[in-house]
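Next come the chains, spelled out residue by residue.
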Amino acid sequence: MYTLHYSPGAASMVVHAMLLETGAPHQLQLVDIDKDQQHDSAYLQLNPNGVVPTMVVDGVVMQESAAMVMLLAERHPEAGLAPAPGTPARADWMKWSVHLSTHLGTLYRFWFYPKDLGMAEHTDATREALRRQIESTLERIDIHLAEHGPYLLGETFSSADLQLTMYIRWARNMPRPGTTWPRLNELALRVFQRPSWKKMCEIEDLSDWKPAGA
């Protein structure tokens, strides 16, 4: 049994989709960010960083969405969400799983939460710098998909594609939405049509975004 502490549309959404992909028994605990519940004392005992998600696995508390995604893929190999250990594709999967979270995820964090940079609001310079970095990262991934796609690992779908689709969605209201890159949109459309993604959006009541063609 897994318990996922989540907030709709936050980084927990990819973990939620993973739980649905695996079919593993789980329960959801809503953390209402609008009510600042991520800073409640009870939640801070689980996640001292005061961020979502947190997942409890067999009584052990986990933080970091990428770690949860990778753990679920590892614990449920029958779901086919990661290449087999020891294969070249496995190394690629690990690279993308970590890169998306630590690089692209961090850039989004700074974009949405200027306080993490010690600012009440972004200056024009910091906002422009973050915009350029996010767009250049999405551009590089789009080129990769054009050359090696349609998925991040080529012809094979993996959990990394769920992660990437979440980050494409996060750019929906940015100066250049992620779906304006053709290969990113094509990948997002494939993921958007998966039963797990549809069910996750239904449960979390997320209807504010869809890729072109959906």
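The coordinates are above.
Quick look at the structure, then. (Residues numbered from 1 in each chain as written. Predicted model: local features only at pLDDT ≥ 70, side-chain atom pairs only at ≥ 80, totals over all residues. Heavy atoms only, no water.)

Strand residues, when the strand is regular, have side chains that alternate between the two faces of the sheet. Sheet topology note: the strand 1 (residues 2-6)/strand 2 (residues 26-30) ladder contains five bridges and is parallel. Looking at strand 2, one finds that T3 is bridged to Q27. The parallel pair strand 1 and strand 2 is bridged by helix 1 (residues 12-22), and the resulting crossover is right-handed. (Pairing = 2+ DSSP bridges. Helix = DSSP H or I, 4+ residues; strand = E, 2+ residues; numbered from the N terminus. Right-handed = clockwise from strand over helix to strand, strands pointing away.)

Before going further, it helps to examine the sheet that holds strand 2. Spatial strand order, 2-1-3-4: four strands in an open sheet with mixed pairing. Every other strand in the sheet has two partners, leaving strand 2 and strand 4 (60-63) as the edge strands with one partner each. On average, each strand axis in the sheet is tilted by 20 degrees relative to the strand beside it, whichever way the strands run. Strands strand 1, strand 2 and strand 3 (54-57) of the sheet are contacted by helix 1, whose axis makes an angle of about 150 degrees with strand 1. Running at roughly 125 degrees to strand 4, helix 3 (residues 65-75) makes contact with strand 1, strand 3 and strand 4 of the sheet. (Axes fitted to C-alpha atoms, helices over the stretch in contact; angles between N-to-C directions. Contact = heavy atoms within 4.5 Å.)

A few words on the packing of helix 4 (residues 88-112) against helix 6 (residues 159-170). In the contact formed by helix 4 and helix 6, the axes pass within 10 Å of each other and the chain directions differ by 15 degrees. Judged on the interaxial angle alone, helix 6 and helix 4 are roughly parallel. For the element pair helix 4 and helix 6, the recorded crossing hand is left-handed. When helix 4 is examined against helix 6, the residues W93, W96, S97, L100, S101, L104, G105, Y108 and F112 are found in contact with a partner set consisting of S159, A160, Q163, L164, Y167 and W170. Grouping the amino acids of the contact of helix 4 with helix 6 by side-chain chemistry returns 10 nonpolar, five polar and no charged. (Parallel < 35°, antiparallel > 145°, perpendicular 65-115°, else oblique. Left-handed = near helix turned anticlockwise from the far one by under 90°. Nonpolar A, V, L, I, M, F, W, Y, C, P; charged D, E, K, R; others polar.)

So, to be careful, I would describe these as geometric facts and stop short of saying anything about function.
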